[in-house]
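# Coordinate analysis (summary)
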Amino acid sequence: MPGYLMHEGVIVTCAHLGPATPTQASARVMVSGQAVITQISTYGVTGCQLPIVTTGAPPCVTGSWIAAARQVFADGAPVVLTDSQSSCQPNQTPLILGVTQLFVKGS
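Residues numbered from 1 in each chain as written. Predicted model: local features only at pLDDT ≥ 70, side-chain atom pairs only at ≥ 80, totals over all residues. Heavy atoms only, no water.

## Considering unusual backbone geometry
For the bond from Gln 89 to Pro 90, the omega torsion is 10°, close enough to zero to count as cis. As for its position among the elements, Pro 90 is in the loop between β10 (86-89) and β11 (95-97). The backbone of Leu 17 sits at a positive phi, close to 70°, despite the residue not being glycine. Position of Leu 17 among the secondary structure elements: in the loop between β2 (12-14) and β3 (19-22). The backbone phi angle of Gln 92 is positive, close to 65°, even though this residue is not glycine. Relative to the helices and strands, Gln 92 resides in the loop between β10 and β11. (Helix = DSSP H or I, 4+ residues; strand = E, 2+ residues; numbered from the N terminus.)

Spelled out as structure tokens, the structure:
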């Protein structure tokens, strides 16, 4: 399914509301004046709210994209879309996206 292209300005969190920041973005492709995110970019997660004491699970540390666009690429890598699948390590929970641009779609 088509989704909107994600850019570096989108607020992203782990499923436990820990802020996530991209490690890199495509400097060559811009949307809404900001660099797009590609599948090879990982996210660093800080402040994951998963309580170790009650669940025994460690907090989210990184996030990555499992699936991205099939037809749209930037710097040779698939771009991340708003409907792309993600996973945080070590818990395997998804990244949660905030509001993104609503002009450019990909599939």
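## Section: the pairing of β3
As defined by bridge partners, β2 adjoins β3 across two bridges and the pair is classed as antiparallel. Bridge pairing in β3 places Thr 13 opposite Pro 19. Between β2 and β3, which follow one another and run antiparallel, lie four residues, and Leu 17 among them has a positive phi close to 70°. Relative to strand β6 (residues 43-45), β3 is paired through three bridges, and the arrangement is antiparallel. In the strand pairing of β6, Pro 22 is matched with Tyr 43. (Pairing = 2+ DSSP bridges.)

## Re the packing of aromatic side chains
Aromatic ring pairs: the centre-centre distance and the angle between the two ring planes describe each pair. Scanning the entire structure with this criterion turns up one aromatic pair. Look at Tyr 43 and Trp 65: their rings are 5.9 Å apart centre to centre, the planes differ by 80°, and that puts the pair in the edge-to-face class. Of this pair, Tyr 43 sits in strand β6 while Trp 65 sits in strand β7 (residues 62-65), and the two are 22 residues apart along the sequence. Pair check on accessibility: Tyr 43 and Trp 65 agree, each one buried. (Phe/Tyr/Trp six-rings, centres within 6.5 Å; stacked < 30°, edge-to-face > 60°. Buried < 20%, exposed > 50% of the residue type's maximum accessible area, 1.4 Å probe, protein only.)

## Describing the nonpolar core
In this structure, Met 6, Val 12, Tyr 43, Trp 65 and Leu 95 are the most contacted members of the largest nonpolar core, which totals 15 residues. Of all elements in the fold, only β2 and β6 reach the threshold of two or more residues within this core. Sequence-distant contacts of Val 12, defined by excluding residues within four places in its chain, comprise Met 6, Gly 18, Pro 19, Ala 20, Tyr 43, Leu 95, Ile 96 and Leu 97. Listed in part, the seven residues of the second largest apolar core include Leu 5, Ala 69, Ala 74 and Val 79. (Core = buried A, V, L, I, M, F, W, Y, C linked by side-chain atoms within 4.5 Å. Contact = heavy atoms within 4.5 Å.)

Function cannot be inferred from these measures alone, as they are strictly geometric.
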